[in-house]
Amino acid sequence: MLYFYTFLMIVSSSFIYIAFNITNITLATILILNTSVISFGFYHSLKHKIITFDLIYWIFNYLFFIIAVIIQSSEDFFPNNLPVNTDNIIFGQLLILIWNTTYLLLRNKGIISNKSNINIAVSKAVANFYFILSTGIVLFIFAQYGFQFFLGYSSFFDFQQNESKASSVLISAAVNGIVLANFVFQFTLRKKGYSINKIVFLISLIELVYINSPFNTTRYYQGFIIILIIWLFYRKVISPYLFSIILILGVLVVFSFLDIFMKVGYSTEIQYDIRNSLDQFNQLHFDAFASFLSTIEYTRIYGVVFGENILGSLLFFIPRNIWIDKPMGSGTRIGDYLMENYNLHFNNISNPLISEFYLAFGTLGVIMGAIFLAKLVNYLESKFNQSVKVELVYGILLSYLFIILRGSLIVAVSSIVGTIFFMVILPYLINLVSKRKNEKSLYKYENSQQRARNIKLKEFG
């Protein structure tokens, strides 16, 4: 089965090479080398008993840096209006080959054998707190915007129109984190067999769908939610083989279907055609490689930024009116460049993780980024069976991986921080405070009992 899946990946790539007439020998060679590295990594990821970080990592690379590149290179322009240039494609593919090879060589080759579903340590008290908090937030949003929010006509950026973008990003991260955490906690209690009111669970599901409807939420964030639920609760029954099929079909078929919901209000003629599955590779949804090439071109003119893009992404929560010289996100930076030079009609574009490191430090940054990513995953997997919190963080990062790898970094970081804080850190703090409070109450009770016994002993002494 391992060989079959890997063989299928190589054969499908070869077919697409031929179908889209890749005639440049150098380009064809480097694409084949990249496909070989990706296939080898994919082969190893299938050896695990559960869905892993690497499985999603290699599928992303295959779809966005092989299939999408072959299809887009047959056109005159990339989806972001950047002209197709074979020499630039070769250089970009060479950097991706360096990135993937470095990552592959540094990854631990141990096998994760834990196949049981995660045991999230959540109490009914914490779940009830989150339900009340989530319901209050959703009711407030519904009172303000009604179904306009559900249909995508209003967003978190309408909450504070006169405030900084950082404030809106924080609100978005907090609301998404709370509502999703509430649903996960209610789901957890149900899976554990607790007597959870069905109405509470249904309301939590409705709140999740309202905040993250197909009309107001990107397909990649919806994909994150689906992957997280599968990884948390169904990884025991969904093997890596089956999940890889689900993920690839989800990207090829379901993503193009979900796109029609995002077009409601912008087009009066919306219909689904299975041919959209291939057409979408020539759209901005698959602009990761095009954004990378745009970043390379940008650095040739303006130079690297020595990590300020990464620093700005990590400190996304600081408003620009406080940090006057706060660096703009790389997606906005490259988007502005494309608007100015190639007539792109907006600047809110994605920028892949490899591009972030290249923008920061050039080719050296590509190597540094791959090393950092490999070491991070190695660390999390080394602690995988030792801590539920680490396991949960691993699952969250794994589920966010398409967003992390596609970028931009500031979008990924803000979403991840909100999810980890409200799903891992805050419940831990609540449980810790509750435990200490109970211990203190127990200590007082035991002291009072001891004093009562002492008084009785004195009376009968």
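About the criteria used
- Residues numbered from 1 in each chain as written.
- Predicted model: local features only at pLDDT ≥ 70, side-chain atom pairs only at ≥ 80, totals over all residues.
- Heavy atoms only, no water.
- Helix = DSSP H or I, 4+ residues; strand = E, 2+ residues; numbered from the N terminus.
- Expected span 1.5 Å × (residues − 1).
- Buried < 20%, exposed > 50% of the residue type's maximum accessible area, 1.4 Å probe, protein only.
- Core = buried A, V, L, I, M, F, W, Y, C linked by side-chain atoms within 4.5 Å.
- Contact = heavy atoms within 4.5 Å.
- Polar contact = N/O pair within 3.5 Å; in protein donor to acceptor, adjacent residues only side chain to side chain.
- Patch = residues over 30% accessible without salt bridge, like charges linked within 9 Å, V, L, I, M, F, W, Y side chains within 5 Å.
- Areas by Shrake-Rupley, 256 points an atom, 1.4 Å probe, with all protein chains shown as cover.
- Salt bridge = Lys/Arg side-chain N within 4 Å of Asp/Glu carboxyl O.
- Phe/Tyr/Trp six-rings, centres within 6.5 Å; stacked < 30°, edge-to-face > 60°.

A.B. asks: Before we move on, could you go through helix α17 (residues 388-399) and cite the residues and values that matter?
C.D. replies: Along an α-helix, residues three or four positions apart point the same way, because every turn accommodates 3.6 residues. Compared with the 16 Å implied by 1.5 Å per residue over 12 residues, the 16 Å span of α17 between its first and last C-alpha is a close match. Counting buried positions along α17 gives 10 out of 12 residues, so the element sits mostly inside the fold. Residues V390, E391, L392, V393, Y394, G395, I396, L397, L398 and S399 constitute the buried set of α17.

A.B. asks: I'd like a rundown of unusual backbone geometry, residues and numbers included.
C.D. replies: Residue G407 is joined to S408 through a cis peptide bond whose omega torsion reads 0°. Inspection of the secondary structure puts S408 in the loop between α18 (401-406) and α19 (409-460). Of note in the backbone geometry, F306 takes a positive phi value of approximately 55° without being a glycine. Mapped onto the elements, F306 comes out in the loop between α12 (288-302) and α13 (308-314). Overall, the relative accessible area of 64% leaves F306 in the exposed class.

A.B. asks: I'd like to hear about the nonpolar core, residue by residue, with values.
C.D. replies: Of all hydrophobic cores here, the largest spans 122 residues; its most connected members are F185 and M423. In terms of residue count, helix α3 (residues 53-72) provides more of this core than any other element does, 17 residues in total. Aside from chain neighbours lying at most four places away, what touches M423 is L180, A181, V184, F185, L228, L392 and I396. Formed by 8 residues, the second largest nonpolar core is a distinct cluster that contains I334, L338, L344 and L359.

A.B. asks: So what's going on with the side chain of Q186? Residues and values would help.
C.D. replies: One can find Q186 in helix α7 (residues 165-191). The class of Q186 is buried, set by a relative accessible area of 2%. Looking at Q186, its side chain comes within polar contact range of the main-chain oxygen of A127, at 3.1 Å.

A.B. asks: Explain a nonpolar patch on the surface to me, using residue names and the numbers behind them.
C.D. replies: On the surface, a cluster of nonpolar side chains totalling about 320 Å² of accessible area is made up of L105, L106, I367 and I371. Broken down by secondary-structure element, the contributors of at least two residues to the nonpolar patch are α4 (86-106) and α16 (363-382). Considering the arrangement of structural elements, one finds I367 in helix α16.

A.B. asks: Help me get a handle on the packing of aromatic side chains, residues and values and all.
C.D. replies: A complete count under the given rule lists 36 aromatic pairs for this structure. Ring geometry for F183 versus F187: centroids 5.6 Å apart, planes at 85°, classification edge-to-face. Taken as a pair, F183 and F187 lie in helix α7 at a separation of 4 residues, close to a single helical turn. On the basis of relative accessible area, F187 is assigned to the buried category, the value being 12%. Between the aromatic rings of W231 and Y394, the centroid separation amounts to 6.0 Å while the plane-to-plane angle is 50°, which identifies the pairing as tilted. Of this pair, W231 sits in helix α9 (residues 219-233) while Y394 sits in helix α17; the two residues are 163 residues apart in sequence, bridging distant segments of the chain.

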